[in-house]
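Secondary and tertiary structure notes
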Amino acid sequence: MSDERTADRRAGEEKMGKIVSLCKRRGFIFPSSEIYGGLRSCYDYGPLGVELKRNLIAEWWRAVVYEREDIVGIDAAIMMHPRVWEASGHVAGFQDPLVDCRNCKERFRADKAPRVETGTEVEYLEGGKKGGRKLRRVVERGYVCPACGSPDLSEERMFNLMFRTNLGPVESAENMIYLRPETAQAMFVQFENVQSTMSMKVPFGIAQVGKSFRNEVTVEHFIFRSVEFEQMEIEFFVEPGTQAEWMDHWTRERIGWYRRYLNRPDDVRLRRHAKDELAHYADDCYDVEYFFPWGWDELEGIASRTDYDLRKHAEYSGKKLSYFDQNKPDPATGKPGWRYVPYVVEPSAGATRSVLMLLCDAYDEEPATEPGGEPRVVLRLHPRLAPYKVGVFPLVKKDGLPELARDVVRRFYRAGINARYDEQHSIGKRYRRHDEAGTPYCLTIDGQTKQDGTVTIRDRDTMQQERISLDEAVRVVRRRLGEES
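Residues numbered from 1 in each chain as written. Predicted model: local features only at pLDDT ≥ 70, side-chain atom pairs only at ≥ 80, totals over all residues. Heavy atoms only, no water.

**Describing the environment of Pro151**
Quick note on the threshold: Numbering goes from the N terminus for both helices and strands, where a helix is a DSSP run of H or I of at least four residues and a strand is a run of E of at least two. Only protein chains enter the accessibility calculation, which uses a 1.4 Å probe. A residue is then buried if its area is under 20% of the maximum for its type, exposed if over 50%, and partly exposed in between. We call two residues contacting when some pair of their heavy atoms lies within 4.5 Å.
Considering the arrangement of structural elements, one finds Pro151 in the loop between β7 (134-138) and β8 (157-160). Under the relative-accessibility criterion, Pro151 is labelled buried at 9%. Placed 310 residues apart in sequence, Pro151 and Asp461 show a C-alpha to C-alpha distance of 50 Å. Each residue touching Pro151, except ones within four places of it in the same chain, is listed here: Val122, Tyr124, Arg137, Val138, Val139 and Val144.

As C-alpha cells, then:
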C-alpha cells in the first residue's frame, strides 16, 4: 500500500499536547518519579493506562496463541547469560553513532539528525537560545543538530545501547550481564525445549510479551521511543524455502489485526524495506507503519531472518538447534528423513507504541453544542480495548439508588466485565468524564428503575440513550462487546 501523506507539524504538536494532557488528567500515563522531578523517558501507567495496555496485549495473545494451534507462548527472564548477546551480535554491533553539538551542548544520534546537503550555509542562534547572536556556518557532514540547527559538531562516537548491571554482590567484568534489549533471543535459545516438550511440528511459533530496555539517547514523542518498553513478539519457525509464503501470511495477518481496532483503518500501512535497508541476516522485511501526528512511523517489523539466529546460538553454545522431519527426504541425499535448521519469520510489535497509536486514533473533539460551551473530548477506543466497559451511575445519592447501582456493578464484575461505579457530580459531568476515559457504555439507575426494573444505557459514540431491562444489562453489554451472539 502506498500512502505519501505528510503531517502538519503544528497541528501534530497541538494534538500530541492534548493527548499527553488527557493521559495525565484521566490516569492513563504519568511521568515516572514525578514528585522528584521525573526521570527522562520513563513513564508509569496509571489505573486506566494499565487496563488499556493489558486489554491490547490480551487481544494480541488471543489472536496469535489462543486462536491458533501452531503457536505457544513463553515468559522468559529479562536477564540472560552474556553469551546470548555475543552470539546475537548485540555486544559488538548494537551501537549508535553519537554526536555532541558544540553550540548548544545537545547530544544526539547522527543517524536521526536532520539531513542538510553538504556545502549548504545555515543560520542558527548562538547557544541555541532565543536571544542568542545569529551565526552562519557551512554544513560539512550532511546533517545538523536537531535542537538548534548548528553544523558545529563533534566527531561521531559509537555507543552501545544495552544497559549493563552485575549479577551478585561484587561488581566485576566476570559478573557483568545485560538487561535484554529485545525479547526475541529467549525464543531462539528455548527453541529446542519448546519444540520437544510441546511436540511442535514445523511450521510453528513461539510468542512472548515482555519488557525490553535500550539506553536510548534520542527519546521522542511521549512513549513512542523510551528506554523501557514492552514488546509483543513471535518467532515463527518454517521450512527453508517456504519463508516467502509465510511472510505473505504474516503481513496480511498483522496489518489486518491492527485495522480491526482502528477508527481509521487506512492510517496503517505496510512498507517493504529496500534491499539496502535489510539487516545482514534478513532476506525480506516489512514495517507496519501508523500515521502518527508527526507522520508515518513504525509500529511493528515483520522480518524474514533466515536461519541466522539458530545457527549463531548453536555455534556459540555448542548445542544442536535443528529440526528432524521424518516424513520428508533429505534434499541433499534423497534418503528418508531431513534434518535442517529452520528459517524464522519474526512479527515484532511494540506494545508501548501500540498504546500510543490507540490513543492517537481514538482522540476526538466535537464542537460545543451551546454558545460559550466547551467541546466534547471523547476517546473512541474499540470497546474491547476500553479500560472500563461500562460506567454505572445512580441518578442521585439517595432513595436506595446507590445500593442498586453497586449491585449492578457487582453483576458486571461476576461476568468478568470491568465496570466503574460513579456518583460524583452531575450526570452530564459524569458522561463527559467517561467519554474522556473511553468508556463505551454508561448505565443510569433512576427512580423508574425501582418502578419497572429498567435502566438507561447511553452509547459513548452516538450519545443515544435507551431503556433496557436491569436484569438484561450484563447480557446487552456483553453482546455489544462481541462476547455473546
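**A look at the pattern of salt bridges**
Side-chain pairing between opposite charges can occur once the charged atoms of the two side chains come close. The condition that has to hold: Basic side-chain nitrogens of Lys or Arg form a salt bridge, by our definition, when they fall within 4 Å of a carboxyl oxygen of Asp or Glu.
Overall, the coordinates contain 48 salt bridges when judged by the stated rule. Put simply, Asp152 and Arg102 hold a salt bridge, and the shortest N to O gap is 3.4 Å. Taken together, the positions of Asp152 in the loop between β7 and β8 and Arg102 in the loop between β4 (95-100) and β5 (107-109) put the pair 50 residues apart, joining distant regions of the chain. Judged by its relative accessible area of 17%, Asp152 falls in the buried class. A salt bridge links Asp435 to Arg458, with the nearest nitrogen and oxygen atoms 3.0 Å apart. One end of the pair, Asp435, is in helix α11 (residues 427-437); the other, Arg458, is in strand β24 (residues 454-459), and 23 residues separate them in sequence. Accessibility classification places Asp435 together with Arg458 in one group, the buried group.

**As for the packing of aromatic side chains**
Our working definition: Here is the rule: rings of Phe, Tyr and Trp (six-membered ring for Trp) pair when centre to centre is within 6.5 Å. Planes less than 30 degrees apart are stacked, more than 60 are edge-to-face, and the remainder are tilted. Criterion for a charge above a ring: Arg CZ or Lys NZ at most 6 Å from the ring centre, at most 35 degrees from the ring normal.
Enumeration according to the criterion identifies 20 aromatic pairs in this entry. Arranged with centres 5.4 Å apart and planes meeting at 40 degrees, the rings of Phe204 and Phe237 form a pair that is tilted. On the criterion of sequence distance, the pair formed by Phe204 in strand β11 (residues 204-213) and Phe237 in strand β12 (residues 228-238) is long-range, its members being 33 residues apart. In this structure, Phe204 and Phe237 share a single accessibility class: buried. Between Tyr290 and Phe292 the ring centres are 4.8 Å apart and the planes differ by 80 degrees, which places this aromatic pair in the edge-to-face class. Stacked on the ring of Tyr45, the Lys or Arg Lys53 has its end atom at 4.1 Å from the ring centre.

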